[in-house]
Amino acid sequence: MKELVIKIDGVKSSSEELLSKHVAAVWGVRETKVNSKLGEVAVLYNEEAASPIDIEQAVIDSGFTIKK
């Protein structure tokens, strides 16, 4: 298992559940923790089933912008 932390623009407490559901739907993701105060999502995933690119795409698909 690997952990990935992604910084996100515009995430609010009311959006945490939506973002968490989108990211959790990625095959191989085991756990998500969204922190709107820090503007980030922490993801625990199986690196043999998912990649950081897959997880980042789920964040984008849910309507958020990733900080680089």
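Placed above this text is the structure.
Residues numbered from 1 in each chain as written. Predicted model: local features only at pLDDT ≥ 70, side-chain atom pairs only at ≥ 80, totals over all residues. Heavy atoms only, no water.

A. Focus on the sheet that holds strand E4 (residues 65–66). Read across the open sheet, the four strands follow the order E2-E3-E1-E4; overall the sheet is antiparallel. Looking at the sheet topology across the chains shown, the edges are occupied by strand E2 (29–35) and E4. The pairing of strand E1 (residues 2–9) with strand E3 (residues 40–45) spans six bridges and is classified as antiparallel. When the bridges of E3 are listed, lysine 2 appears paired with tyrosine 45. Across the face of the sheet, helix H1 (residues 16–24) comes into contact with E1, E2 and E3 while running at roughly 160° to E2. Of the strands in this sheet, E1, E2, E3 and E4 are in contact with helix H2 (residues 52–61), which crosses E1 at around 30°. (Pairing = 2+ DSSP bridges. Helix = DSSP H or I, 4+ residues; strand = E, 2+ residues; numbered from the N terminus. Contact = heavy atoms within 4.5 Å. Axes fitted to C-alpha atoms, helices over the stretch in contact; angles between N-to-C directions.)

B. Region of the structure containing the nonpolar core. By size, the foremost hydrophobic cluster in this structure holds 18 residues, and its most contacted members are Ile6, Ile8, Leu19, Val41, Ile55 and Val59. Taken together, the elements giving at least two residues each to this core come down to E1, H1, E2, E3 and H2. Among all residues touching valine 59, those that are not within four sequence positions of it are Ile6, Ile8, Leu19, Val23, Val41, Phe64 and Ile66. (Core = buried A, V, L, I, M, F, W, Y, C linked by side-chain atoms within 4.5 Å. Buried < 20%, exposed > 50% of the residue type's maximum accessible area, 1.4 Å probe, protein only.)

C. Structural context of the side chain of glutamate 40. If you trace the backbone, glutamate 40 turns up in strand E3. For glutamate 40, a relative accessible area of 16% corresponds to the buried category. Within the local environment of glutamate 40, its side chain forms a polar contact with the side chain of lysine 7, the two groups lying 3.0 Å apart. Ignoring anything within four residues of it in the chain, the contact list for glutamate 40 reads Val5, Ile6, Lys7, Ile8, Val11, Lys33, Val34 and Asn35. (Polar contact = N/O pair within 3.5 Å; in protein donor to acceptor, adjacent residues only side chain to side chain.)

These figures capture arrangement, not role.
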